[in-house]
Amino acid sequence: MPLWNKQSRRSEKEHMEHEYRSGKENHYDSVAEPEDTPDGRPRLVFHCQLAQGSPTGIISGFTNVKELYQKIAECYDMEASDILFCTLNTHKVDMGHLLGGQIGLDDFIFAHRKGRAKEIEITKSEDALGLTITDNGAGYAFIKRIKEGSIINNIPYIEVGDHIEKIDGESLVGCRHYEVAKMLKEIPKGATFTIRIVEPQKAGFANIGPRSGPGAGKKASYGSGKQTLRLKSNGTAAVEEVDSVRTTAEENINLLLENFMGINDAELASQIWDLADGKTNTMELAEAIDNSDLEAFGFTDDFIFELWGAITDAKSGRGKPVNNNNQY
């Protein structure tokens, strides 16, 4: 049952802790200090809404993206598989605010549900289609960026945020972004193929925003915190202070992943940064990658050299710009 339907008689103080209203007016919930978990750690509480419009829900108790989706699904009485991806602090399909491997403790989560499916026949008239692919960490790969002037850019039915569900009838549900990018890259130039995509639901949610001004709750400002909850696929999560060096390095690592492999993955960039900890040269980084689950990516020596450069530049205060040159 959705959280906002659970009614009971409460004192005025309790009422202020959990305020649920319809999605028809501009508001965000105000929440009192969260209770501690049985092990003494504070229970982190996050606010969420469905991007196409919904009442505000309150979720907690997740340590990775799959668990987060499940919590949102339970809150809104739907299947977790209905969620394509989440954005932070905006209901729009804005890939600059895509939820990746970390969430600011003041961030507001918007879940984007599956919308209509579309099947499109495409002729690969050039070597590259012009796509950057990412995934939601729960089995759906989708389009993060479309290169201007590319084949895909000239097809008005394909948009950023669309989930790539099938290619020539073969289901890609459960595939990682690099697998989808590889499949698209391997389609011969001149070949014609059919792609089935699923767009995020669209609805009139343009006028809903955070409540501010007199009487606003203590969570009226979102996305301005200096601490983040870092999510990891192995089921662990930790609250961390924002590290500008790490942030710069991960941004550049992600750009390299996009340029060399046509994928975008904040969690993968974070894993690479962690593997580089304590390493003094590219050989040590290469050995650490070979001995991890990242070995499956088959990173080349040249790519690892570029990764090392991005990491060392960030540590020395040089945010090295990365050129865009490779998409699928």
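Residues numbered from 1 in each chain as written. Predicted model: local features only at pLDDT ≥ 70, side-chain atom pairs only at ≥ 80, totals over all residues. Heavy atoms only, no water.

A.B. asks: Got a minute to help me understand the overall build of the chain in this structure?
C.D. replies: Of the regular secondary structure elements, the chain holds seven helices and 13 strands. The contacts in the chain between residues at least 6 apart in sequence include a share of 62% that link residues at least 24 apart. Looking at the chain as shown, the accessible area adds up to about 16700 Å², and 46% of this sits on carbon and sulfur atoms. (Helix = DSSP H or I, 4+ residues; strand = E, 2+ residues; numbered from the N terminus. Contact = heavy atoms within 4.5 Å. Areas by Shrake-Rupley, 256 points an atom, 1.4 Å probe, with all protein chains shown as cover.)

A.B. asks: Would you mind showing me how to read unusual backbone geometry here?
C.D. replies: Backbone phi values are negative for most residues with the exception of glycine, while trans is the configuration of most peptide bonds. Despite not being glycine, Asn89 shows a phi value in the positive range, around 65°. Looking at the element boundaries, Asn89 is found in the loop between strand E3 (83–88) and strand E4 (102–104). Accessibility expressed as a relative area gives 31% for Asn89, which makes it partly exposed. We note that Asp168 has phi near 50°; this positive angle belongs to a residue other than glycine. The topology assignment puts Asp168 in the loop between strand E8 (163–167) and strand E9 (170–171). (Buried < 20%, exposed > 50% of the residue type's maximum accessible area, 1.4 Å probe, protein only.)

A.B. asks: Help me out: how do you make sense of the nonpolar core in this one?
C.D. replies: A general feature of soluble globular proteins is that nonpolar side chains tend to end up buried together. Core analysis: the largest hydrophobic core is formed by 49 residues, its most contacted members being Ile122, Ile164, Leu184, Ile253, Leu257, Ile272 and Phe299. No other element matches the seven residues that helix H7 (residues 301–315) contributes to this core. Here Leu184 is in contact with Lys124, Leu129, Leu131, Ile133, Ile164, Ile167 and Phe193, once residues within four sequence places are set aside. Listed in part, the 28 residues of the second largest apolar core include Leu50, Ala73, Met78 and Met95. (Core = buried A, V, L, I, M, F, W, Y, C linked by side-chain atoms within 4.5 Å.)

A.B. asks: Please explain the pairing of strand E7 (residues 141–146) as it appears in this structure.
C.D. replies: Within a regular strand, side chains alternate between the sheet's two faces. Counting buried residues in E7 gives five out of six residues, a clear majority hidden from the surface. In this structure, strand E6 (residues 131–135) lies alongside E7, joined through five bridges in antiparallel fashion. Note that in E7 the partner of Thr132 across the bridge is Arg145. (Pairing = 2+ DSSP bridges.)

A.B. asks: What is the right way to look at the packing of helix H4 (residues 244–261) against H7 in this model?
C.D. replies: Packed helices, taken two at a time, are described by the angle their axes make and the gap between the axes. It is at 8 Å that the axes of H4 and H7 come closest, and there the two elements cross at 155°. Classified by the interaxial angle, the pair formed by H4 and H7 is roughly antiparallel. Relative to H7, H4 is oriented so that their crossing is right-handed. Facing H4, whose interface residues are Val245, Thr248, Ala249, Asn252, Ile253, Leu256, Leu257 and Phe260, H7 presents Phe303, Glu306, Leu307, Ala310, Ile311, Ala314 and Lys315. (Axes fitted to C-alpha atoms, helices over the stretch in contact; angles between N-to-C directions. Parallel < 35°, antiparallel > 145°, perpendicular 65-115°, else oblique. Left-handed = near helix turned anticlockwise from the far one by under 90°.)

A.B. asks: Would you mind going over the confidence of the model for the chain with me for this structure?
C.D. replies: Detailed reading of predicted coordinates is not advised where the pLDDT is low. Summary statistics for the chain give a mean pLDDT of 77 and a share of 72% for residues scoring 70 or more. Averaged over each element, pLDDT in the chain is lowest for helix H1 (residues 12–17) (39) and highest for E8 (95). Per-residue pLDDT stays below 50 along residues 1–34; that stretch engages in 67 contacts with residues further than four places along the chain or on separate chains. This stretch, residues 321–326, has a pLDDT under 50; its non-local contacts, to residues over four places away or in other chains, come to 12 contacts. (pLDDT = per-residue confidence, 0-100.)

A.B. asks: What is the right way to read the pattern of salt bridges from this model?
C.D. replies: Close approach of charged atoms allows side chains with opposite charge to pair. Taken as a whole and assessed by the stated rule, the structure comprises 11 salt bridges. A salt bridge links Arg246 to Asp274, with the nearest nitrogen and oxygen atoms 3.0 Å apart. Of this pair, Arg246 sits in helix H4 while Asp274 is found in helix H5 (residues 266–276), placing the two residues 28 residues apart along the sequence. On the basis of relative accessibility, which here comes to 9%, the residue Arg246 falls in the buried class. Among the residues examined, Asp274 registers a relative accessible area of 34% and is labelled partly exposed. Members of the salt-bridge network, linked through shared partners, are Arg116, Lys118, Asp162 and Glu199. (Salt bridge = Lys/Arg side-chain N within 4 Å of Asp/Glu carboxyl O.)

A.B. asks: Before we go on, may I ask you to explain the packing of aromatic side chains in this structure?
C.D. replies: Any aromatic ring pair is given by two values, namely how distant the centres are and how the planes are angled relative to each other. Across all of its chains, the model carries six aromatic pairs by this definition. Ring geometry for Phe46 and Phe62: centres 5.5 Å apart, planes at 45°, overall tilted. Here Phe62 lies in the loop between strand E2 (57–60) and helix H2 (65–75) and Phe46 lies in strand E1 (residues 45–50), a separation of 16 residues in the sequence. Given a relative accessible area of 2%, Phe46 falls into the buried group. The class for Phe62 is buried, based on a relative accessible area of 6%. Ring pairs connect the aromatic residues Tyr178, Phe297, Phe299 and Phe303, which therefore count as one cluster. Positioned above the aromatic ring of Trp273 is the side chain of Lys315, whose terminal nitrogen or guanidinium carbon lies 5.5 Å from the ring centre. (Phe/Tyr/Trp six-rings, centres within 6.5 Å; stacked < 30°, edge-to-face > 60°. Lys NZ or Arg CZ within 6 Å of the ring centre and 35° of its normal.)

A.B. asks: Got a minute to help me understand the environment of Glu284 in this structure?
C.D. replies: Note that Glu284 resides in helix H6 (residues 282–290). At 2.8 Å, the side chain of Glu284 forms a polar contact with the backbone nitrogen of Thr280. (Polar contact = N/O pair within 3.5 Å; in protein donor to acceptor, adjacent residues only side chain to side chain.)

A.B. asks: I'm lost on the packing of H5 against H6 in this one. Help?
C.D. replies: At a closest axis distance of 9 Å, the pairing of H5 and H6 adopts a crossing angle of 120°. Between H5 and H6, the crossing angle belongs to the class labelled oblique. Crossing geometry of H5 relative to H6 is assigned as right-handed. Where H5 approaches H6, its residues Ile272, Leu275 and Ala276 are matched on the opposing element by Leu285, Ala288 and Ile289.

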